[in-house]
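Residues per chain are reported as follows:
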Amino acid sequence: MASPKITVIGLGYLGATHAAAMAELGFEVLGLDVVPEKMRKLEQGHAPMFEPGLEELLRAHVAGVPGSTGRLRFTDSWEEIGAFGDVHFVCVNTPQKHGEYGCDMSYVDRAVDSLAPHLHGPALVVGKSTVPVGSAERLAARITELAPAGQDAELAWNPEFLREGFAVKDTLHPDRIVVGVGGPRGEGLLREVYARPLAEGTPFLVADFPTAELVKTAANSFLATKISFINAMAEVCETAGGDVVKLAEAIGHDDRIGHKFLRAGIGFGGGCLPKDIRAFMARAGELGASEALTFLREVDSINMRRRAQMVEMAREALGGALLGKRIAVLGATFKPDSDDVRDSPALNVAGQLHLQGAQVTVYDPKGMENARAVFPTLGYAPSARDAVRGADVVLHLTEWSEFRELDPAALGEVAATRHILDGRNTLDPALWRKAGWTFRALGRPTL
Ligand SMILES: NC(=O)C1=CN([C@@H]2O[C@H](COP(=O)(O)OP(=O)(O)OC[C@H]3O[C@@H](n4cnc5c(N)ncnc54)[C@H](O)[C@@H]3O)[C@@H](O)[C@H]2O)C=CC1
Ligand SMILES: O=C(O)[C@H]1O[C@H](OP(=O)(O)OP(=O)(O)OC[C@H]2O[C@@H](n3ccc(=O)[nH]c3=O)[C@H](O)[C@@H]2O)[C@H](O)[C@@H](O)[C@@H]1O
């Protein structure tokens, strides 16, 4: 039997990677996005965002790029999408609603409403976006109602667990594949799609719709909780004079706890963890189960308090006043190896300092363009050294490897004051102190 043909709807951080990965796995793929500039870039084999390895994968498969397999094409026609695909992956955004905790499902709803009327024969629509539990059942009914193929147009839910910065690797070699299916046909098709990772031994878990949806929000809630746990310990260390980095290392040697996701600092951000825990709380409330998730409110509060604590630490370092003081901020993205500034703790701290009167200059290896678009009134410098020139204090807010390689002595020559605050606990305090810097970090003792 011929391989299933695949479409990918929504070509952002998730969808662009998924489309390229599906072509890499050998499938014919057709992608669609509603943002024309994104489509133009992709059609030329360029990634619409910075993600390590993605550009190479696109150039290897996008039709029209010399030497490519030509397996990945793009269209703006829903009719063509419907006629082409056996399996349609929905990868559109599900942001937080304005002014409330709940998830904005309008992009998913619109995508399904655009696609379903063009499903004339057997088709599997596969939701990958992160959605509130109960969405899949509602969308399955909507597809059957709108699709000319009726019951032959099925839905499956296949949540995605990739991390930005590792998106290509995580998509090609996932640590597990979870599928929520309504019947055996969906499972069979998804086993074909994921034949290669399955042959490599990747666990394949088949569940009902609600369980598949909940696996995703539970996983992100657990990760967020782990980060807020260690940040709560950082708060205690700050009052008791302990060192949270040592504490994390020590508890992490217990296999049941582990070392991962115990990096204390200014906390989690990005387009997913913050909005996913809030949407989960909102959905639990709708289902009458809000008490079960009240701890997530605390997880969120601890996380936001860390950003405020960083601002206070900067104020203290500057003798109590921010007005007119020059602050260098190293890092703008929500994590290294990504250009994503959505709900970035680094940019949020930089913005708070700026709004309180400081002169803030930001440098980030890959996030400058996105940061400028979100916060045009901040100062931006073309290098770490330029950002630090004349600074009264330096804040390290995103742990790019480039910042660990900085020479503290050389930077000390251009800074107005040798004072650095590490918001990510990845710089070596001894190295900076040896070069004459006053070094302070969240959750660590001040010498
Ligand atoms: N970014 C990540 O690392 C991960 C994201 N997710 C989930 O995947 C979903 C997508 O996230 P991102 O890729 O980060 O968002 P994104 O905002 O980067 O990409 C979404 C894309 O969908 C497009 N779109 C919106 N409405 C559309 C429509 N009606 N038809 C076609 N395209 C449409 C947008 O133009 C955009 O390019 C979210 O639910 C997110 O929670 C899940 C795992 C990882
Ligand atoms: O649903 C999603 O979109 C994705 O969300 C996260 O992935 P991602 O947002 O790419 O980034 P993470 O590596 O999880 O980091 C999230 C935030 O937590 C922070 N973090 C992470 C780890 C840690 O120990 N401490 C810490 O503060 C990071 O700096 C970053 O701001 C999850 O790790 C993915 O599994 C999931 O698929």
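Throughout, residues of each chain are indexed from 1 in the direction in which the sequence is written. Labels follow written order: the first chain is A, the first ligand is 1, and so on. Per-residue local features of the predicted model are confined to residues with pLDDT of at least 70, and side-chain atom pairs are confined, for both listing and counting, to 80 or more; whole-chain, interface and lining totals are unaffected and use all residues. In computing side-chain properties, one takes all heavy atoms of the structure into account and sets aside hydrogens as well as water.

The subject of this paragraph is the packing of aromatic side chains. Think of it this way: a Phe, Tyr or Trp ring, Trp meaning its six-membered ring, pairs with another when their centres are within 6.5 Å, and the plane angle makes it stacked under 30 degrees, edge-to-face over 60, tilted otherwise. Under the defined criterion, the tally for this structure stands at two aromatic pairs. Between Tyr 363 and Phe 403 the ring centres are 6.0 Å apart and the planes differ by 70 degrees, which places this aromatic pair in the edge-to-face class. Taken as a pair, Tyr 363 in strand β10 (residues 359-363) and Phe 403 in helix α17 (residues 401-404) lie far apart in primary sequence, 40 residues in all. Between Trp 432 and Trp 437 the ring centres are 5.2 Å apart and the planes differ by 80 degrees, which places this aromatic pair in the edge-to-face class. Numbering goes from the N terminus for both helices and strands, where a helix is a DSSP run of H or I of at least four residues and a strand is a run of E of at least two.

Turning our attention to the sheet that holds strand β9 (residues 326-330). Should DSSP find at least two bridges between two strands, the strands are regarded as paired. Reading across the sheet, the six strands line up as β11-β10-β9-β12-β13-β14 and stay open at both edges, with parallel pairing between neighbours. In this open sheet, the two strands that pair with only one neighbour each are β11 (379-380) and β14 (438-441). Judged from the three bridges that link them, strand β12 (residues 393-396) and strand β13 (residues 419-422) form a sheet pairing that is parallel. When the sheet's bridge partners are listed, Leu 395 is paired in β13 with Leu 421.

A few words on the sheet that holds strand β2 (residues 29-32). Pairing is mixed across the open sheet formed by eight strands, whose spatial order is β3-β2-β1-β4-β5-β6-β7-β8. Each edge of the open sheet is held by one strand with a lone partner, namely β3 (72-74) and β8 (204-207). Here the strands of the sheet are splayed against their neighbours by 25 degrees on average, with no regard to which way each runs. In this sheet, β3 lies alongside β2 in parallel orientation, the contact comprising three bridges. Looking across to β3, one finds that Leu 30 is bridged to Arg 73. In the packing of helix α10 (residues 209-240) onto the sheet, contacts are made with β6 (153-157), β7 (177-181) and β8, and the angle to β7 comes to roughly 145 degrees. Fitted lines through C-alpha atoms serve as axes, helices being fitted only where they are in contact, and the angles separating the N-to-C directions of these axes extend from 0 to 180 degrees. Any pair of residues with heavy atoms lying within 4.5 Å of one another is described as a contacting pair.

On to the site of ligand 2, then. Ligand 2 sits among 21 residues. The nearest are Leu 162, Glu 164, Lys 216, Cys 272 and Phe 334. A distance of 2.8 Å separates an oxygen atom of ligand 2 from a polar backbone atom of Phe 161. Values of accessible area rely on a 1.4 Å probe in the Shrake-Rupley scheme; residue burial ignores everything except the protein chains shown. Protein chains bury 93% of the 710 Å² of accessible surface belonging to ligand 2 in isolation. Where the shell around ligand 2 is concerned, the elements lending two or more residues are α10 and α12 (273-286). Here the element with the most residues in the shell around ligand 2 is α10; it accounts for four residues. Side-chain classes are defined by residue name, with Ala, Val, Leu, Ile, Met, Phe, Trp, Tyr, Cys and Pro counting as nonpolar, Asp, Glu, Lys and Arg as charged, and the others, Gly among them, as polar. For the shell around ligand 2, the per-class residue count stands at ten nonpolar, three polar and eight charged. We define proximity as follows: a residue is near a molecule or strand when any one of its heavy atoms falls within 4 Å of that partner. Polar contact criterion, stated in full: a pair of N or O atoms within 3.5 Å, where within protein one must be able to donate a hydrogen and the other to accept it, and residues adjacent in sequence count only if both atoms are side-chain atoms.

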